[in-house]
Amino acid sequence: MAQPRGACTWKPHICEQLKLRDRLQRHGFEEIVHQYNRLLEKSDLQAVLSERYQADKYEVARGHEATAAGGDAPALQQEMADMRIRHQEELTELHKKRGELAQTVIELNNLIQQKDKEIQSNEAKMQEYQQQMANLEGDCRDLNNCLQDLERANQTLKDEYDALQITFSALEEKLRKTTEDNQELVSRWMAEKAQEANRLNAENEKDSRRRQAKLQKELADAAKEPLPVDPDDDIEVLPEDSGKSGGEQPHGRALGRTPSKKSSQMPPGGLLDSISNIFGRRGANSLSASPENSEAPSGACVEVRVPSTALHVFEAHDGEVNAVRFSPGSRVLATGGMDRRVKLWEVASGRCEPKGALTGSNAGITSIEFDSAGSYLLAASNDFASRIWTLEDYRLRHTLTGHSGKVLSARFLLDNARIVSGSYDRTLKLWDLRSKVCMKTVFTGSSCNDIVCTEQCVMSGHFDKKVRFWDIRAESSVRELELLGRVTSLDLNHDRTELLTCSRDDLLKIVDLRTNAVRQTLSAEGFKCGADWTRVTFSPDGNFVAGGSADGALYVWNVLTGKVDRTLDRNHNSAINAVSWSPSGVYVSSVEKGSKAILWSDM
C-alpha cells in the first residue's frame, strides 16, 4: 500500500529542528561545560596534590624526625601549617564549585526531562495530526470517487433524458396524428350513421305506407263481406276517438267479447288480424283501475302517476341503503345496502312484501341493475367486484373481479351478453358473460360514479365534474361534457335521446344527445345532493324527474315546465341516496342513508 504523502518529510524536519535547538541552546551551556571541565581538572589536581601532600607529610615527618635534634623545627612547622591552610582553602573552593556544578547539572537534567516530555507530546500530536491527515486524504479520495460516480450517473441521466425527450417528441407527434385520424374517423362514422339513419327512416316510412295501404285494402275487402252476427252475442264497440289516438284505450276499458250461449261463427281471420294490428294487440294486456294490474311491458309506459303519498314505509336493510331498482315488469323491487345484501320485494296492493335475499357480496352494495327480461340481477359492490344472480332460484352465477377499487356502477348492455363496470380506480371494464372475461379496460382519468349505455355508446359520470362519451369499439372518449360539480348520477329517458345528470353543485341537467347540448337545468330551493352516489331518475315517459335531497325530501320536477311539481318531505329521516320510478309509471321508490325505504304513488 502506498505511504502517506507526509511520511517521507517529518524525519528530516525533526532533525532540522533538533539541530536548530542545539545551535540556540549550546551557548548557554558552554560556560557550564567549561566550568565542569575545570572542576574535573581541579579534581585531578586535588588528587595529585593529595598524593603530594601525603608524600610531603611523609617527608615532613621524616624531616621532623631527622631535625628533632637539628633545631629548625618551628620554621618548618610554620611552612607546613601555611601549606595546609592553602590546600584546605583550595579544597573548600573546589567543593563549593563542585556543589554549584552539581546543582546546575540537576537543573539541566530537569530541563532536559521537561524538553523530552514536550518532544514526546509534540510527537504524539504529530502522529495524531498525521492520522487525521491520512483520514482526510482517504475521505478526499472517497469524495473524489463519489464525485466521479455522480458525474458519470449525471451524464447517463442526461443521455437518458435526451433519449426520452426524443421519444416523447416522436410519441407526441404520433399522438397528434392519431388524434387527427381518430377525429376524421369519428366524423366519417357520424356522417355514415346519419346517412344510415336517414336511409332507415326512409325505409321505415315506405314500409309504414305499404302496411297502411295493405291495411286499408284489407279493411275495404272485409267491409264488402257480410258478417253473421248472433243477436245473443254482446260486443262492446270501441269509441271513434280510440282509432284517432293511435290505439290508446281509455283507462279501465277493455276490448273484449262476451261469449253467447249459442255457438257462433267466427269472422274471417284477415279482419281480426287487421283490427289487432290497429290496436296493437292490447286485448291481452287490457288495463284495470288497480295499480298492481296497470303494469306494461318494459319501455311501454301507459300512464305516469306523480307520487303524492307514501304507501308503505319499511325497514329495508340493517344499515345504510345505497341502491334501489324496479324490475322491468314493475312487480319486483330490489334494494342494496351496506349489509352486503340485495333484497327483493314483491310489490302488490301498494305494499312491498319480502320475497328473498341475494347473498355473496363481501362488502356494501353500490348499484343494482336488471336485465331487459327481468331474469338476472347485476350488482356492484365495494369489494372491487360485480356479481350476477338469477332471479328464478336466487343463485349467484358470475363474480367479475379485476378492479383495484370500489365498483360504483355496473350496467347491462342492450344485448344482455355484455356488462360495463365503472370503478373508483378510474377505469371502465367491458365484460363478456359468455366467456366470463374482461374484454377491454379503459383508463378514464377520474373516479367513475355512474354509467348508462346505449347501443354503441357508454356514458360515464366522473369525480372530475365531467361526463365522458365512449365508443364501445374504441378505447378513447368520443367527447366530453364538463359540469359545475362532481357527477353523482346518470339516467336516460325511454327513447334514449336525453341524458339526465345530477352533480354536487345541486343541479340536475338534461342533455339532448342529438345535439350534445344541455337542454334544461333543474333546481329547487332546499334541494341539496347528499352524497357522491346520489341517484336521480326519469319517469318512464320522460316528462318528470325525481330526486332525493340531503334533508330527506323527495323532489319531482316537470320537464315540460322546468319547475318543481311536488315536494314530499315528511317520511325520510336522513339523506335520500337513490330513487327509482317503476316502468309501469305507477310507483316511485326511494331509499335513505338510514335503513328505510318508501314506496310512493298518487293513491
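Residues numbered from 1 in each chain as written. Predicted model: local features only at pLDDT ≥ 70, side-chain atom pairs only at ≥ 80, totals over all residues. Heavy atoms only, no water.

### As for the overall build of the chain
Point 1. Across its full length, the chain carries 4 helices and 30 strands.
Point 2. Looking at the chain alone, contacts between residues at least 24 apart form 49% of all its contacts between residues at least 6 apart. (Helix = DSSP H or I, 4+ residues; strand = E, 2+ residues; numbered from the N terminus. Contact = heavy atoms within 4.5 Å.)

### With respect to the pairing of strand 30 (residues 596-601)
Point 1. In terms of burial, strand 30 is largely enclosed, as 6 of its 6 residues are buried.
Point 2. Here strand 30 shows no split at all, with K596, I598 and W600 on one side and A597, L599 and S601 on the other all buried.
Point 3. Once strand 29 (residues 588-592) ends, the chain turns through 3 residues before running back antiparallel as strand 30. (Buried < 20%, exposed > 50% of the residue type's maximum accessible area, 1.4 Å probe, protein only. Pairing = 2+ DSSP bridges.)

### Some thoughts on the environment of E482
Point 1. With respect to the element layout, E482 can be found in strand 19 (residues 477-482).
Point 2. Accessibility expressed as a relative area gives 56% for E482, which makes it exposed.
Point 3. With 15 residues separating them along the chain, E482 and V467 place their C-alpha atoms 6.2 Å apart.
Point 4. Not counting residues within four places of it along the chain, the set of residues in contact with E482 comprises K465 and K466.

### A short note on the packing of aromatic side chains
Point 1. According to the stated counting rule, one finds 5 aromatic pairs in the structure shown.
Point 2. With a centroid separation of 5.3 Å and an interplanar angle of 85 degrees, the aromatic rings of F527 and W557 are classed as edge-to-face. Here F527, found in the loop between strand 23 (517-522) and strand 24 (537-538), pairs with W557, found in strand 26 (residues 554-558); they are 30 residues apart in sequence, far enough to count as distant. The residues F527 and W557 share a single accessibility class, namely buried. (Phe/Tyr/Trp six-rings, centres within 6.5 Å; stacked < 30°, edge-to-face > 60°.)

### A word on the side chain of D512
Point 1. Tracing the sequence through the fold places D512 in strand 22 (residues 508-512).
Point 2. The contacts of D512, once residues within four sequence positions are left out, are T497, A517 and R519.

### Examining the UniProt feature "repeat: WD" (unreviewed entry) in the chain
Point 1. Following the UniProt record, one finds the feature "repeat: WD" (unreviewed entry) at residues 314-355, 358-399, 400-441, 536-567 and 569-603.
Point 2. End C-alpha to end C-alpha, residues 569-603 measures 17 Å, and it is 0% helix and 49% strand. (UniProt positions renumbered as here; feature names shortened; annotations may be inferred.)

### Comments concerning empty space enclosed by the protein
Point 1. What the rule picks out here adds up to 5 cavities of 30 Å³ or more.
Point 2. If you add up the space inside the largest cavity, you get close to 130 Å³.
Point 3. Lining the largest cavity are V420, L428, K429, L430, K440, V442, V458, W470, D471, I472 and A474.
Point 4. Taken together, the elements giving at least two residues each to the lining of the largest cavity come down to strand 14 (427-432), strand 15 (437-443) and strand 18 (466-471).
Point 5. Sort the elements by how many residues they give to the lining of the largest cavity and strand 14 lands first, with 3 residues.
Point 6. Of the residues that constitute the lining of the largest cavity, the class distribution is 8 nonpolar, no polar and 3 charged. (1 Å grid on protein atoms, 1.4 Å probe; cavity = no way out; pocket = protein on both sides within 12 Å on 5 of 7 lines; lining within 4 Å. Points joined across faces, edges and corners; volume = space filled by probe spheres on them. Nonpolar A, V, L, I, M, F, W, Y, C, P; charged D, E, K, R; others polar.)

### Some details on the sheet that holds strand 28 (residues 576-581)
Point 1. Spatial strand order, 3-30-29-28: 4 strands in an open sheet with antiparallel pairing. Since the sheet does not close on itself, it has two edges, and those belong to strand 3 (309-315) and strand 28, each with one partner. Across the sheet, the mean angle separating the axes of adjacent strands is 20 degrees when strand polarity is ignored. (Axes fitted to C-alpha atoms, helices over the stretch in contact; angles between N-to-C directions.)

### A look at unusual backbone geometry
Point 1. The backbone of S330 sits at a positive phi, close to 70 degrees, despite the residue not being glycine.
Point 2. Note on S330: relative accessible area 0%, which makes it buried.
Point 3. Here F384, not a glycine, exhibits a phi torsion of approximately 70 degrees, which is positive.
Point 4. Among the secondary structure elements, F384 is positioned in the loop between strand 9 (376-381) and strand 10 (385-390).
Point 5. The class for F384 is partly exposed, based on a relative accessible area of 36%.

### A closer look at the state of the cysteines
Point 1. In the structure shown here, the tally under the stated rule is 0 disulfides.
Point 2. C529 provides the cysteine sulfur closest to C502, a residue in no disulfide bond, and the two sulfurs are 4.0 Å apart.
Point 3. For C529, a relative accessible area of 2% translates into the label buried. (Disulfide = S-S within 2.5 Å.)

### Considering the sheet that holds strand 9
Point 1. In space, the 4 strands of this open sheet follow the order 8-9-10-11, with antiparallel pairing throughout. What marks the edges here is a single partner per strand, and that holds for strand 8 (365-370) and strand 11 (395-401). For this sheet the average axis-to-axis angle between neighbouring strands, irrespective of direction, equals 20 degrees.
Point 2. As paired strands, strand 10 and strand 11 are joined by 6 bridges and run antiparallel to one another. The residue of strand 11 that forms the bridge with W389 is L396.

### Overview of the pattern of salt bridges
Point 1. Evaluated as defined, the whole model comprises 22 salt bridges.
Point 2. Residue E173 is joined to R176 by a salt bridge in which the shortest nitrogen-to-oxygen separation is 2.2 Å. With E173 and R176 both in helix 2 (residues 73-224) and 3 residues apart, the pair spans about one turn of that helix.
Point 3. According to the relative accessible area criterion, E173 is partly exposed, its value standing at 32%. (Salt bridge = Lys/Arg side-chain N within 4 Å of Asp/Glu carboxyl O.)

### Considering the side chain of K343
Point 1. Along the polypeptide, K343 turns up in strand 6 (residues 342-348).
Point 2. Polar contacts involving the side chain of K343 include one to the main-chain carbonyl oxygen of A316, which spans 3.2 Å.
Point 3. The residues touching K343, leaving out its near neighbours within four places in the chain, are A316, H317, L333, A334, T335, G356 and A357. (Polar contact = N/O pair within 3.5 Å; in protein donor to acceptor, adjacent residues only side chain to side chain.)

### Looking at the environment of R418
Point 1. Tracing the backbone through its elements, the reader meets R418 in strand 13 (residues 418-423).
Point 2. Distance in space between the C-alpha atoms of R418 and R434 is 8.2 Å, their sequence separation being 16 residues.
Point 3. In this view, R418 contacts R411, F412, L413, L430, W431, D432, M439 and I472; residues no more than four positions away in its chain are not counted.
Point 4. A distance of 3.0 Å separates the side chain of R418 from the side chain of D415, its partner in a polar contact.

### A look at the confidence of the model for the chain
Point 1. Looking at the chain as a whole, the pLDDT averages 81, with 83% of positions reaching at least 70.
Point 2. Confidence drops under a pLDDT of 50 for residues 231-301, and excluding neighbours within four residues, the segment shows 82 contacts in the predicted structure. (pLDDT = per-residue confidence, 0-100.)

### Things to note about the pairing of strand 12 (residues 407-412)
Sheet faces and side chains relate simply in a regular strand, where the side chains alternate between the two faces.
Point 1. Counting buried residues along strand 12, 6 of its 6 residues qualify, which places the element largely inside the surrounding structure.
Point 2. The hairpin formed by strand 12 and strand 13 contains 5 residues between the paired strands, and N416 there has a positive phi angle of roughly 60 degrees.

### Things to note about a nonpolar patch on the surface
Point 1. On the surface, a cluster of nonpolar side chains totalling about 240 Å² of accessible area is made up of Y36, L40 and V105.
Point 2. Mapped onto the elements of the fold, L40 is located in helix 1 (residues 10-66). (Patch = residues over 30% accessible without salt bridge, like charges linked within 9 Å, V, L, I, M, F, W, Y side chains within 5 Å. Areas by Shrake-Rupley, 256 points an atom, 1.4 Å probe, with all protein chains shown as cover.)

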